[in-house]
Amino acid sequence: MSQDLPPNTTPLRICIAGAGAIGGTLAVRLSAAGHQVSVLARGQTLQAIRERGLTLHDLHGSTQARPAASDRPEFGVQDVIFLCAKSQDMSALLPQVAPMVGEQTVVIPTNNGVPWWYFHREGGRFDGETVKAVDPEGALAAAVPLERLIGSVLFITAEVVGPGEIRSVNPHLMVLGEPSGEMSERLLRVRAAVEAAGIEARATDRIRDKLWTKIIANISTNPLSVITQGTLEQLYGLPELREVVSQIMRETLQVAASYGARVDIDPLTFLQLGEAMGAFRTSMLQDWERGRPLELAAIGDAVLEMAERFALPMPITRAMVSLARFRGAAAQQQRAQQDNSPQLAVKAA
């Protein structure tokens, strides 16, 4: 059910590009807040949204939404577009959303890891450079004008439990910031819309600080979760895994500090907060279990690339990323063999 918008608030035209766990969560919450939400989706997810809509089970209860849905960018120019795809899928997604980007459209990537726009208006010695691990040819930077982008860091744990159905058991938090650090009118407008949708939303003039907080969380747990199949509770809580997580954190904190980032959570608090997330499986572990490509370029390779700019060794991190890549490739190969199995083909027929 929709709820009334706050007084003097105009509903926004919002497109959610990618209706996985995060995209589905945003689509339901923003729809319930009264905004005109559309979803760019495909396959079973698209069919489910068209037939039954989206259902979100979170701390607000169970909420349903019936946003417009299509696999084509046919919704017209939008006020806000949330890019809710994995980093490796951005090169295919950005050209798709381009027709919906107007002169005033705000585009907000929500993916994990180091974003391709990291050095856009960064103001430091690497201002304007690219992160080759995530945008080797500069195609992402060229697909949508960088001036349209607002950075985001999402602290949302969510999981797809079926087509069009998402479960999230922890509080939602989104931090938003202009790459330039400006506290712009458009930034504050989007923040207010997200906050009114039941998601804690903060605007910051130092978005890269929050990026590094999330990067540290991602790189210290995602690859390791693929290697161990451990939940966040286990990764942060079991002594033998907690020590590996701590070493990766220390290595990554050195990289963050080299780029002038201020991470305001100490490692011990980080571990305690992570363990409190409970038996949640990381997004990378969920992808590994389904034989999908792993988001290692943005979460792992990009951090290693940034460390190399300052000749910082990251031996433990590099080893975990390499092992996760091996396991990911093996899972994809097994999935491909299963899909091509004559026995499965007979059963499917």
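The structure this text deals with has already been given above.
All values reported here derive from a predicted model rather than from experimental measurement.

A. Geometry of the pattern of salt bridges. If you walk through the whole model with that rule in mind, you get 20 salt bridges. Among the salt bridges present, the one from Arg318 reaches Glu308, with a minimum N-O distance of 3.4 Å. Placement of the pair is Arg318 in helix H12 (residues 315-339) and Glu308 in helix H11 (residues 296-308), with a sequence separation of ten residues. A relative accessible area of 37% places Arg318 in the partly exposed class. One network of salt bridges, with partners in common, ties together Glu159, Arg167, Arg281 and Glu289.

B. Quick peek at unusual backbone geometry. Unusually for a residue other than glycine, Gln229 sits at a positive phi of about 60 degrees. Within the secondary structure, Gln229 is located in the loop between helix H6 (207-228) and helix H7 (232-237). Overall, the relative accessible area of 36% leaves Gln229 in the partly exposed class. With phi around 55 degrees, Ala311 is a residue other than glycine that occupies positive phi space. Tracing the sequence through the fold places Ala311 in the loop between H11 and H12. Of the residues examined, Ala311 reaches a relative accessible area of 67% and is grouped as exposed.

C. Representation of the sheet that holds strand S9 (residues 159-162) in the model. Taken together, four strands build an open sheet; the order of strands is S4-S3-S10-S9 and the sheet is mixed. Looking at strand neighbours, the two that pair on one side only are strand S4 (61-65) and S9, the edges of this open sheet. The average angle at which neighbouring strand axes cross in this sheet is 25 degrees, direction not considered. Across the face of the sheet, helix H1 (residues 21-32) comes into contact with strand S3 (54-58), S4, S9 and strand S10 (165-167) while running at roughly 95 degrees to S3.

D. Region of the structure containing helix H3 (residues 90-97). All of the buried residues along H3 are Met90, Leu93, Leu94 and Val97. End-on, the buried residues of H3 take up no more than an arc of 100 degrees, which puts them together on one face. Looking at the packing, one finds that the buried side of H3 touches strand S1 (13-17), strand S2 (36-40), strand S6 (80-83) and helix H4 (139-143).

E. Molecular detail of the sheet that holds strand S12 (residues 200-203). Pairing is mixed across the open sheet formed by three strands, whose spatial order is S8-S11-S12. Of all strands in the sheet, those bounded by a partner on one side alone are strand S8 (151-155) and S12. Adjacent strand axes in the sheet meet at a mean angle of 15 degrees when their direction is disregarded. Pairing of strand S11 (residues 173-177) with S12 involves four bridges; the strand directions are parallel. Looking across to S12, one finds that Val175 is bridged to Arg202. Its contacts with the sheet put helix H5 (residues 185-196) on S11 and S12, and the angle it makes with S12 is roughly 165 degrees. Lying over the sheet, H6 contacts S8 and S11, oriented at roughly 35 degrees with respect to S8.

F. Highlighting empty space enclosed by the protein. One pass over the structure, following the stated rule, counts two cavities of 30 Å³ or more. The space that makes up the largest cavity amounts to roughly 50 Å³. Elements with a contribution of two residues or more to the lining of the largest cavity: S8 and H6. Residue composition of the lining of the largest cavity, grouped by class: three nonpolar, six polar and one charged. In this structure, the second largest cavity encloses a volume near 40 Å³. Contributing to the lining of the second largest cavity are Pro109, Asn111, Pro115, Trp117, Ser152 and Leu211. Considered class by class, the residues forming the lining of the second largest cavity number four nonpolar, two polar and no charged.

Parameters at a glance
Within any chain, residue numbers begin from 1 and follow the written order of that chain's sequence. Residue-level local features of this predicted model are given only where pLDDT is at least 70; pairs of side-chain atoms are given and counted only at 80 or more, and the full residue set underlies all totals for whole chains, interfaces and linings. For side-chain calculations, the full set of non-hydrogen atoms in the structure is used, while hydrogens and water are omitted. By convention in these notes, a salt bridge is any Lys or Arg side-chain nitrogen within 4 Å of a carboxyl oxygen on Asp or Glu. Note on conventions: DSSP H or I runs of at least 4 residues are helices, E runs of at least 2 residues are strands, and numbering of each starts at the N terminus. Burial here depends on accessible area, computed with a 1.4 Å probe over protein chains only, as a share of the maximum for the residue type. Under 20% is buried, over 50% is exposed, and the range in between is partly exposed. Here, a strand pair is defined by DSSP locating no fewer than two bridges between the strands. For helices, the axis comes from a line fit to the C-alpha atoms of the stretch in contact; other axes are also lines fit to C-alpha atoms, and the angle between any two N-to-C directions lies between 0 and 180 degrees. The contact rule is simple, with two residues in contact once any of their heavy atoms fall within 4.5 Å. As used here, the arc is the angular range of directions from the helix axis to the C-beta atoms. Method remark: on a 1 Å grid restricted to protein atoms, a set of points is classed as a cavity if a 1.4 Å probe fits but cannot get out and as a pocket if it is open with protein on both sides within 12 Å along at least five of seven lines; lining residues have an atom within 4 Å of a point. Grid points are joined across faces, edges and corners, and a volume is the space filled by probe spheres set on the points. Residue classes follow a fixed rule: Ala, Val, Leu, Ile, Met, Phe, Trp, Tyr, Cys and Pro count as nonpolar, while Asp, Glu, Lys and Arg count as charged, and any other residue, Gly among them, counts as polar.

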